[in-house]
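So you can see what is in the structure, the chains are spelled out below.
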Amino acid sequence: MAAKESKVRERDLAGFKYLDRLLPMLDRLHDVGCVRDRAGNRKLHYDQYCLLVLLTLFNPVVRSLRAIQQASTLRKVQKRLGCPRTSLGSLSEAPDVFDPVRLERIIRELLSEVPRARSIGGDKVPQVLTAVDGSVVRTIATLAEAAYLTDKNGQPHCAWRFHTHFEIDRGVPVRMDVTSALNGGKTDEKNQLRGRLEPDRCYVMDRWFGEFALWNDIVRIQSSYVCRIRDNSNLSDVSEERPLSAAAREAELSAMR
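Below is a summary of the structure that appears in this document. (Residues numbered from 1 in each chain as written. Predicted model: local features only at pLDDT ≥ 70, side-chain atom pairs only at ≥ 80, totals over all residues. Heavy atoms only, no water.)

Let's talk about the packing of aromatic side chains
Phase 1 of the analysis: Throughout the structure, instances matching the rule amount to five aromatic pairs.
Phase 2 of the analysis: Ring geometry for Phe 212 against Trp 215: centres 5.1 Å apart, planes inclined by 80°, an arrangement best described as edge-to-face. In this pair, Phe 212 and Trp 215 are both assigned in helix H9 (residues 212-220), three residues apart and thus about one turn of the helix distant.
Phase 3 of the analysis: Using a relative accessible area of 11% as the deciding quantity, one classes Trp 215 as buried.
Phase 4 of the analysis: For the ring pair Trp 215 and Tyr 225, a centre distance of 5.3 Å and an interplane angle of 15° mean the geometry is stacked. One end of the pair, Trp 215, is in helix H9; the other, Tyr 225, is in strand E5 (residues 224-227), and ten residues separate them in sequence.
Phase 5 of the analysis: A relative accessible area of 31% means that Tyr 225 is categorised as partly exposed. (Phe/Tyr/Trp six-rings, centres within 6.5 Å; stacked < 30°, edge-to-face > 60°. Helix = DSSP H or I, 4+ residues; strand = E, 2+ residues; numbered from the N terminus. Buried < 20%, exposed > 50% of the residue type's maximum accessible area, 1.4 Å probe, protein only.)

If you want it as structure tokens, here you go:
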């Protein structure tokens, strides 16, 4: 039997100061999704829903839809975030009502303000170092009970894969696409990357991305790559399509002396 959740209390919540910066930016989302609200009685708006979800990131005690609903009843939450008391039904339908594209624009604005924290590649890597990977995230039962499936042994087998592009020098993810956990066909990590390549980047990848066709696509779009290859790869027969000039070979020998 699952342990009963403890009630969310005001003194258990923190992180409000970090959300103050987002209040004016999220305010532009307030009327999104209200077209279908012909009666004009919508209580939970897009900006308020975003703030409630963000509150969970700073407060592990808020770990379910019911806990979010409880938090919305607290005076401190209502005052600091401008969120009214909401219902479980409103929280459940929110992902279908609110357009995520509008939120992506705000995320891009925030990303543009993140400065370059360090330069791992220095002057030797002029392109933007971008690590790419697809991480599987298991379904959180308390937040998505309807999608939480188990096998005959009671083990969960419902999950999502987050295809992430992470700028190493800035230390932030700049793109994240969600698919099913299946790593094949359209949801294969290689195909997901192939459809989202950008110029002037140096993609850092693991062994799963070891595919000549993908590497050629990266070069074709005027980017480069660093890819870990399998230990059974045969590199004994390598041909130089663009051999080094005599001057370049002499410069290489001089650097080795």
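Here the narrative resumes, following the displayed structure.
Things to note about the side chain of Gln 192
Phase 1 of the analysis: For Gln 192, the location among the structural elements is in helix H8 (residues 189-194).
Phase 2 of the analysis: A distance of 2.8 Å separates a polar atom in the side chain of Gln 192 from the backbone oxygen of Lys 186.
Phase 3 of the analysis: Ignoring anything within four residues of it in the chain, the contact list for Gln 192 reads His 163, Asp 177, Thr 179, Lys 186 and Thr 187. (Polar contact = N/O pair within 3.5 Å; in protein donor to acceptor, adjacent residues only side chain to side chain. Contact = heavy atoms within 4.5 Å.)

Some details on unusual backbone geometry
Phase 1 of the analysis: For Asp 200, which is not glycine, the phi torsion reads 60° and is therefore positive.
Phase 2 of the analysis: Within the element layout of this structure, Asp 200 appears in the loop between H8 and strand E4 (201-205).
Phase 3 of the analysis: The class of Asp 200 is partly exposed, set by a relative accessible area of 45%.
Phase 4 of the analysis: Positioned with a positive phi, Gln 222 is a non-glycine residue whose angle comes to about 70°.
Phase 5 of the analysis: Since its relative accessible area comes to 62%, Gln 222 is described here as exposed.

Some words on the environment of Val 132
Phase 1 of the analysis: Structurally, Val 132 can be placed in strand E1 (residues 128-138).
Phase 2 of the analysis: C-alpha of Val 132 to C-alpha of His 165: the two residues are 33 residues apart in sequence and 4.7 Å apart in space.
Phase 3 of the analysis: Leave out the neighbours within four places in its chain, and Val 132 touches Thr 164, His 165, Leu 193, Tyr 203, Val 204, Met 205 and Phe 209.

Here we look at the pairing of E5
Phase 1 of the analysis: Relative to E5, E4 runs parallel, the two sharing four bridges. Bridge assignment links Tyr 203 to a residue of E5, and that residue is Tyr 225.
Phase 2 of the analysis: With H9 bridging E4 and the parallel E5, this β-α-β connection has right-handed handedness. (Pairing = 2+ DSSP bridges. Right-handed = clockwise from strand over helix to strand, strands pointing away.)

Considering the environment of Ala 131
Phase 1 of the analysis: Within the secondary structure, Ala 131 is located in strand E1.
Phase 2 of the analysis: For Ala 131, a relative accessible area of 22% corresponds to the partly exposed category.
Phase 3 of the analysis: For the pair Ala 131 and Pro 173, spaced 42 residues apart in sequence, the C-alpha separation works out to 9.1 Å.
Phase 4 of the analysis: Filtering out sequence-adjacent residues up to four positions away, Ala 131 remains in contact with Thr 164, His 165, Phe 166, Ile 168 and Val 204.

Describing the pattern of salt bridges
Phase 1 of the analysis: Counting across every chain of the model gives 14 salt bridges.
Phase 2 of the analysis: Between Asp 177 and Arg 196 there is a salt bridge, and its shortest N-O distance comes to 2.8 Å. You can see Asp 177 sitting in strand E3 (residues 172-180) and its partner Arg 196 sitting in the loop between H8 and E4, a full 19 residues away along the chain.
Phase 3 of the analysis: A relative accessible area of 15% means that Asp 177 is categorised as buried.
Phase 4 of the analysis: By relative accessible area, which is 23% here, Arg 196 ends up partly exposed.
Phase 5 of the analysis: Across the pair Glu 198 and Arg 201 runs a salt bridge whose closest N-O atoms are separated by 3.0 Å.
Phase 6 of the analysis: Residue class for Arg 201 comes out buried when judged on its relative accessible area of 11%.
Phase 7 of the analysis: One salt-bridge network, held together by shared partners, links Glu 167, Arg 170, Glu 198 and Arg 201. (Salt bridge = Lys/Arg side-chain N within 4 Å of Asp/Glu carboxyl O.)

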